[in-house]
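The chain contents come next:
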Amino acid sequence: MRGWPHLALAAGIGLQIVGCQGKGEAEGATAALGEQAAMSARLAQYTPVRLTANLRGLTARERDMIPKLIDAATAMDTIFWRQLYPARDSLLGALSDSSLRRLVVLNAGPWDRLDNDKPLVPDVGPRPAGAEFYPHDMTKEEFEKAGGNNRHSALQSLYTVVRRDSTGKLTAAPYHEVYADQVKIAAEKLRSAAADADDPGLRRYLELRARALETDDYRPSDIAWLDMKNNTLDVVIGPIETYTDQLFGYKAAAESYVLIKDKEWSGRLARYARLLPALQRGLPVAAAYKRERPGADADLNAYDAVYYAGDANAGAKTIAINLPNDEQVQLLKGTRRLQLKNVMRAKFDRILVPIADELIAPDQQSHIKFDAFFANVMFHEVAHGLGIKNTIVGKGTVRQALKEQDGALEEGKADILGLYLVTRLLQNGELKGTSLDDHYVTFLASIFRSIRFGAGDAHGRANAAQLSYFEEHGAFARDSASGRYQVDAGRMRIAVDSLASRILRYQGDGDYAGVKTFMTDRGKLSPTVENDLARLKTKGIPVDIILEQGADVLGLGSQQ
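Residues numbered from 1 in each chain as written. Predicted model: local features only at pLDDT ≥ 70, side-chain atom pairs only at ≥ 80, totals over all residues. Heavy atoms only, no water.

Peer 1: Which parts of the structure should I look at to understand the overall build of the protein chain?
Peer 2: The number of helices and strands found in the protein chain is 22 helices and 13 strands. For the protein chain, the C-alpha radius of gyration of 23 Å lies close to 24 Å, the compact-globule estimate for 560 residues. By its C-alpha atoms, the protein chain is 75 × 60 × 55 Å across when sized along the principal axes. For the protein chain, the proportion of its 560 residues judged to be buried stands at 59%. (Helix = DSSP H or I, 4+ residues; strand = E, 2+ residues; numbered from the N terminus. Rg over C-alpha atoms; globule rule 2.2 N^0.38 Å. Buried < 20%, exposed > 50% of the residue type's maximum accessible area, 1.4 Å probe, protein only.)

Peer 1: I tried to follow the packing of helix H14 (residues 341–359) against helix H22 (residues 527–538) on my own but got confused; where do I start?
Peer 2: Packing of H14 against H22 leaves a shortest axis separation of 10 Å and a crossing angle of 120°. The orientation of H14 with respect to H22, classified from their angle, is oblique. Considering the relative orientation of H14 and H22, their crossing is right-handed. Mapping the contact onto sequence places Ile-355, Glu-358 and Leu-359 in H14 and Asp-532, Arg-535 and Leu-536 in H22. Of the residues contributing to the contact of H14 with H22, the split by class is 3 nonpolar, no polar and 3 charged. (Axes fitted to C-alpha atoms, helices over the stretch in contact; angles between N-to-C directions. Parallel < 35°, antiparallel > 145°, perpendicular 65-115°, else oblique. Left-handed = near helix turned anticlockwise from the far one by under 90°. Contact = heavy atoms within 4.5 Å. Nonpolar A, V, L, I, M, F, W, Y, C, P; charged D, E, K, R; others polar.)

Peer 1: Can you walk me through the sheet that holds strand S8 (residues 299–310) in this structure?
Peer 2: The strands making up a sheet associate through backbone hydrogen bonding, with each pair oriented either parallel or antiparallel. The strand order S6-S7-S8-S10-S9 describes an open sheet built from 5 strands, whose pairing is mixed. Two strands bound the open sheet, and with one partner strand each, they are strand S6 (233–239) and strand S9 (320–323). For this sheet the average axis-to-axis angle between neighbouring strands, irrespective of direction, equals 35°. (Pairing = 2+ DSSP bridges.)

Peer 1: For this particular structure, what's the right way to read the pairing of S6?
Peer 2: Put simply, side chains in a regular strand alternate between the two faces of the sheet. Burial runs high along S6: 7 of the 7 residues are buried. One ladder, built from 7 bridges, connects S6 with strand S7 (residues 254–262); its direction is antiparallel. What sits directly across from Gly-238, in S7, is Glu-255.

Peer 1: I would appreciate a short explanation of the pattern of salt bridges in the present structure.
Peer 2: A side chain with one charge can pair with a side chain of the opposite charge if their charged atoms come near. Evaluation of the coordinates by the stated rule reveals 30 salt bridges. For Asp-196, the salt bridge identified is with Lys-68, shortest N-O distance 2.7 Å. Of this pair, Asp-196 sits in helix H8 (residues 180–196) while Lys-68 sits in helix H3 (residues 60–84); the two residues are 128 residues apart in sequence, bridging distant segments of the chain. Across the pair, exposure class does not vary: Asp-196 and Lys-68 are buried alike. With a closest N to O distance of 3.2 Å, Lys-413 and Glu-410 form a salt bridge. Of this pair, Lys-413 and Glu-410 both sit in helix H17 (residues 406–427), separated by 3 residues, roughly a single helical turn. Of the two residues examined, Lys-413 and Glu-410, each falls in the buried class. One network of salt bridges, in which partners are shared, links Arg-42, Asp-112, Asp-115 and Lys-118. (Salt bridge = Lys/Arg side-chain N within 4 Å of Asp/Glu carboxyl O.)

Peer 1: What's the story with the packing of aromatic side chains in this structure? I'm lost.
Peer 2: How two aromatic rings sit relative to each other is given by the distance of their centres and the angle of their planes. Applying the stated criterion across every chain, the model contains 18 aromatic pairs. Measuring from ring centre to ring centre gives 6.1 Å for Phe-370 and Phe-374, while their planes differ by 55°; the resulting arrangement is tilted. A residue pair is termed a helical-turn pair when its members lie 3 or 4 positions apart in one helix, as Phe-370 and Phe-374 do in helix H15 (residues 370–384) at 4 residues. Here Phe-370 falls in the buried class, since its relative accessible area comes to 9%. Taking relative accessible area as the criterion, Phe-374 reaches 4% and is therefore assigned buried. With centroids separated by 4.8 Å and ring planes inclined at 55°, the aromatic side chains of Phe-448 and Tyr-485 adopt a geometry described as tilted. Note that Phe-448 is positioned in helix H18 (residues 436–451) and Tyr-485 in strand S12 (residues 484–487), a separation of 37 residues in sequence. Accessibility expressed as a relative area gives 2% for Tyr-485, which makes it buried. Put simply, the rings of Trp-265, Phe-348, Phe-370, Phe-373 and Phe-374 pair up and form one aromatic cluster. The lysine or arginine in question, Lys-140, covers the ring of Phe-248, its NZ or CZ lying 5.7 Å from the ring centre. Cation over ring: Arg-345 sits above Phe-370, and NZ or CZ is 4.2 Å from the ring centre. (Phe/Tyr/Trp six-rings, centres within 6.5 Å; stacked < 30°, edge-to-face > 60°. Lys NZ or Arg CZ within 6 Å of the ring centre and 35° of its normal.)

Here it is, written out as structure tokens:
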């Protein structure tokens, strides 16, 4: 098995120039300054956002719960580093440049997530596609021959690490054993928080989630999470998304969010959940690809996020969540869509609006609106629950059939179906206060925002593919003199229906080869777009945010 470079990197990582004489010494010093400038420029792609919230409506017991939930979430940071780059301490200990060190912490490893996973430090090599979920010397063929092509195999489980035994045979080790020390910490903190919970639904969920971390049986806690309706506090915690596994897309990475519900905003959103069955029936695809029915208990809520951890806090930060990912739970109970309103607002004001000022035609800039951005993101999350979860050709779930291609295609589906839903709701008078132009122009500006996350990010790849498809179908035009983009709403609507239908068929057919070809052909940027994105960098427009967060930021003490 190929090992990780550790302290041998120290000289290069620390940007120290040794053994240089005369001219060489000067050249070395110049190179070091250049490296430092490059790291500072990379760090400047982020803008700091302080995660605060209005705590005045919380009870004393709820205030006591928050530090405990944050402590539980912090355990996910340690697990996630072990899943991506276990030599954290030796790596960080070797870094003498503060900007580089901060970048490595932001990325939870030595690869830049906003620059297609390019190494941040010398000699670290490319990011392993399978991270630490599989042996580095394992091939796809070996995995499948060992039984990994069986969707019921422990090797394919979301919650196992694949290892070699003493004979070299591939075996599966469950997460709760591999990460037992951090699982114990998180479970204890969740149980302590549960003891303070006034809401019985929240108390039951926290107790079941603690048990889930200890057993890797997450379904009961997922159901309990969907059943609780009256909670003010919430925590999403555990191994959840599979984007980190770029080899197969099978393994879930550890993450967490600590949240405070905005009950006023949530009340405004509740009625949209009741429309899901009708929205599913109206999808622009043959009946076989929409034969599943979303669960009737699905709901929409708005939150202020007060803590991100693990996979959620590495690189680009999400602004909305749609969970659980368990297909059986989705069909039984639906999903919960969580809009992270405070983070969403920060990204709109500090990133999306400046992008639109630079790239959107002046006569369409009045259509850049937060309400349109909020609704586009909300219905992106709604759309995750629509379409089909199981292939119609006997290939198992869509996620299993599409493997590592599933993440980017699913994000593309959510984007496009979300825009499809917005269009239909506006036509039916269900969505008020915005126009179709508001949603389409804001969506185009947001494509440029997400593309900047890079090809290593599922959302970035999805948006690159959408931009290519929309351009081919005339959904927008670019003025070569000004370098600005203008939406053609009529053609955009046609392109949305066409792309939605194609994606839904890819998923229903479990068409791995077709998706791979589609994403390879379209998931890259033209030189013109590359140049336009470079303009954004020269204007100092950030790519994403750095979170200033924790109990102290909220004015609460940590619970030890």
